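# Geometric and topological summary
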Amino acid sequence: MAGANLQFKTNYVVSSKIEPFYKGGKVQISKDERYIFCTCGSRVNVLEISTGKIVHCVEHDDQEDITSFALSCDDELLVTASRALLLRQWDWKQAQCSRSWRAIHTVPVASMTFDSTSTLLATGGCDGTIKIWDVVKQYCTHNLKGSSGVVHLVQFHPDISRLQLFSSSLDCGIRLWDLQTSQCVCVLQSHYSAVTALSFSPDGGTMVSSGRDKICTVWDLETKKAKRTVPVYEAVEGVVLLPDSEDFSEIGVKNKDLHFITAGSKGILRVWEASTARCVYTQTLPVSAEAEDEEKDDDPRSLTFLLHLPSSSRLATVTAEHNIVLYQLPALSTQQQFVGYSDEVLDVKFLGKDDSHIVVATNSCQLKVFELLTNSCQILYGHTDTVLSLDVFKKGFLFASCGKDRSVRVWQMDSDTGQVTCVAQGSCHTNDVGSITCSRLKASFVVSGSQDCTVKVWDLPADLSTTEGEIHQLTACATEKAHDKDINSVAVSPNDKLLASGSQDRTAKLWSLAREGNVTLLGVFRGHRRGVWAVCFSPVDQVLATSSADGTTKLWSLQDFGCLKTFEGHDASVLKVIFVSRGTQLLTSGSDGLVKLWTIKTNECVKTLDAHQDKVWGLHGSRKDDKMVTGSADSNITVWLDVTEVELAEEQAKQEDQILKKQELSNLLHEKKYLKALGLAISLDQPHTVLTVIKAIRQGEESKELLEKTVLKLRVDQKESLLRYCVVWNTNARNCQDAQAVLQVLLTHLPPDEMLQYQGARAHLEGLIPYTERHMQRIGKLLQASMFLNYMWQKMRVAGVPSSMDQDEKMDTSPLAQPFFTIDKEKTTSSTNEENPDGDGDDAQDEDPNCQMEEEEEDDTEVSVSRKASANNGEITKTNGNHHAESEESSEEEEETDQTVKVMKCPQVSSTPQCQTISS
């Protein structure tokens, strides 16, 4: 092994992450053209265009998905709508909710937009209605009805003096609403499929609409008639009118007539002349020689949005694969590209000078090259099916890829501009190519391993420079059937003389790469119990490392092919293994989402990194050996930095401090020092931990007084945090009872003026209302169900018991001292399960047995499931509302009756029961 005085690595910390920030839905660009707003589940992410970084993020506390959002034209207000039917107004720069209110819609909001003055907000719902809101005075001004189905498009006329709103729904018509009269003026009928976008001329007299019926329509808004229908031969998702004040001759605009740009299912931008319905310009994109010409329904390049940036004369498009691409007018040249969602990351490698870039293979036919400093991305087209594996040559500017299209490709990065182009390709495998490796000394060959069980050696030309559009065609100089099953990994030794391969047949093999182009088998490594996922040569020793689906990593001698060491620690398949610290340590990644650092000499795992939530397919170390990059099936890419002992000690001190605080909290709870425990839990800023303390307080005796005493002794900032936590707890039916108990203390004892001084108090209190109303609705349904049971109980009376019954089987009809099941409205409000709207399965709280009960006809709030009845010589006597027995003859039976009946069992009745039913 390498020198013993070498400084071993002890830990890695996260240097940067590339995470999904857009998973579909609306995209909007700020008026100042500095930020891109896009949805990602329950968040709206704000991407700074200049740096490619997420600079702001607003997220709903209830974790409900955001269905739509709108940014005001002055870039000040952001309003979001969630599936919980809440509208929230945000100070997005501070990520603070300034106001929230009910959307009034009965189902989620599908579309939103502001007018040009940023005072009116229109929301289109899935219930077919449109609401107009005055966001300054905070009230609903219009409720427009008449649309059929989901209102997926709302847009104000740019001239606010007209007070007009356009909308479209499932009937494919464009409705024009007069906001002065709240009436639909007309329905513009032209499209036969969903209308996707509207674009207005500068004077406001002309509008162009696009639809998925593959046409665009030019409308005269004065006459409200269609002037021209333009067939565009693709489903159009976006349309933008070109201003007539600029020179667009470079893209075919030769006159001052109306021209517009379309984006749709073909994935290209096209310019149309409205007067002649003629396409005057078609964008060209790099395509593979094997790419099919016909349009595909699931083409990843298809465009879903087209946005105009007038100040900088740019266009922004959004692709079906969640990529956001900015083009510069008039040449439509690509300026910037951002990847919103990478799907499953299959491989990742460092690239460029000083490892300034990474190249990523995802569950896609496209390759993505990220610049780590700005997160700006190049999207590389060439492969026609999913790319499975990558490898980089020694200098870092040349790399190879392979995929399910049965081909290998070689790509070159320009050292000055950073632009990457495909310079060579080869294709003669008969099945998916799952692994590839590059020569180590110089860029002379690549080796590929395939599911066709063969390895192929591809010689590279001495000069890879090409003219534009030219690609070298590679031929395999050697082909060898290497294994009996799929080949998962291949690796070339540091001196380019040896080749290793790992396969699903549970073996790894060592091959000689002779200069004549032949591949000769030298030996077989046997010992893994399942398939071999990865092979890797040591950079300094005659050792090979392999990782397997059996959860182990092994080191093998290249001389006698014996196993030197076995590393066990992963709970699932070990997918990748690499050497670090000059061959003295190993890094492994597995299906369990973990990355482990091993010291070979001691056979010890010195660090486990909880890196990802899913399989870590990609693992690569930098050439300087100071950082690594991982890519996972959870769509995240993480760059890790090797840290020193001092940095590690600081990180460990923070972790140990958290552990000590949690231990102290446990001791305080055990000692019932609830005030200190609650204060400590709040200092950790962990709502779940605070909830644990609240539950502990409420489990003791005199819990109401104890909770009140504890909460009121907290500091003002602690009460403020507690109110914020209550809003989160109240969204979950399991925890809402605790939330309501704390809220009762706060609202009862704190003056309103004091509570309103809390940060975001108004928004927090408004956020409590809709969920509390849900809890009340469920209680109402539960009460209705219990009243039905009460009615049935009153109608059914047992008049007698057959003599054939055994003594143990006789039905006891004596009056009960107290009801066995009652509904307490106040208590049940907090305990009803949210997933069980009918209240089934909830534990009922017993009423006070001394409470006064009204007659059934007058009881609308509290209902006892059982009413007392006494038996007197086989006759049924109904008790009064106070539950006193009217028959003195049944007093002896009352004393023998169990006072609390938990389970009522129906006895077996003979075939000729002598019973009588008396209607109450």
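Scroll up for the structure.
Okay, so let's go over this structure.

Conventions we followed
- Residues numbered from 1 in each chain as written.
- Predicted model: local features only at pLDDT ≥ 70, side-chain atom pairs only at ≥ 80, totals over all residues.
- Heavy atoms only, no water.
- Buried < 20%, exposed > 50% of the residue type's maximum accessible area, 1.4 Å probe, protein only.
- Helix = DSSP H or I, 4+ residues; strand = E, 2+ residues; numbered from the N terminus.
- Pairing = 2+ DSSP bridges.
- Axes fitted to C-alpha atoms, helices over the stretch in contact; angles between N-to-C directions.
- Parallel < 35°, antiparallel > 145°, perpendicular 65-115°, else oblique.
- Left-handed = near helix turned anticlockwise from the far one by under 90°.
- Contact = heavy atoms within 4.5 Å.
- Nonpolar A, V, L, I, M, F, W, Y, C, P; charged D, E, K, R; others polar.
- 1 Å grid on protein atoms, 1.4 Å probe; cavity = no way out; pocket = protein on both sides within 12 Å on 5 of 7 lines; lining within 4 Å.
- Points joined across faces, edges and corners; volume = space filled by probe spheres on them.
- Core = buried A, V, L, I, M, F, W, Y, C linked by side-chain atoms within 4.5 Å.

### Brief notes about the pairing of strand β49 (residues 552–557)
- When you tally the buried positions in β49, you get six out of six residues, the bulk of the element.
- The two faces of β49 match: T552, K554 and W556 on one face and T553, L555 and S557 on the other face are all buried.
- The pairing of strand β48 (residues 543–548) with β49 spans five bridges and is classified as antiparallel. Its bridge partner lying in β49, V543 is registered against S557.
- Connecting the antiparallel pair β48 and β49 is a turn made up of three residues, with G551 showing a positive phi of about 85°.
- Pairing analysis gives five bridges linking β49 to strand β50 (residues 563–568), with the strands arranged antiparallel.

### A look at the packing of helix α4 (residues 703–712) against helix α6 (residues 736–749)
- Where α4 meets α6, the closest approach of the two axes is 10 Å, and the angle between their N-to-C directions is 60°. With respect to their mutual orientation, α4 and α6 come out oblique. In the crossing of α4 with α6, the sense of the turn from one axis to the other is right-handed. In this structure, α4 uses K704, L707, E708, V711 and L712 to contact α6, whose residues at the interface are A741, V742, Q744, V745, L746 and H749.
- Split into classes, the residues belonging to the contact of α4 with α6 amount to seven nonpolar, two polar and two charged.

### With respect to empty space enclosed by the protein
- Tallying each qualifying case throughout the model produces one cavity of 30 Å³ or more.
- Looking at the largest cavity, its volume works out to about 30 Å³.
- What lines the largest cavity is simply I18, E19, P20, V339, G340, Y341, S342, F370 and S635.
- Split by residue class, the lining of the largest cavity holds five nonpolar, three polar and one charged.

### Some thoughts on helix α2 (residues 674–683)
- The element α2 is largely enclosed, with a buried count of seven among its 10 residues.
- Residues of α2 that are buried include every one of Y674, A677, L678, G679, L680, A681 and I682, and no others.
- Among the residues trailing α2, D685 stands out with phi positive, at a value near 55°.

### Topic: the nonpolar core
- Within the largest apolar cluster, 34 residues are counted, with the highest numbers of intra-cluster contacts made by V690, L707, W729 and V742.
- Of all the secondary-structure elements, those providing two or more residues to this core are α1 (645–670), α2, α3 (687–699), α4, α5 (716–729), α6 and α8 (761–795).
- Non-local contacts of L707, meaning those with residues more than four positions away in its chain, are made with I694, I697, R698, A741, V742 and V745.
- If you look at the next biggest cluster of nonpolar residues, it comprises 17 residues, including F248, I251, L303 and Y327.

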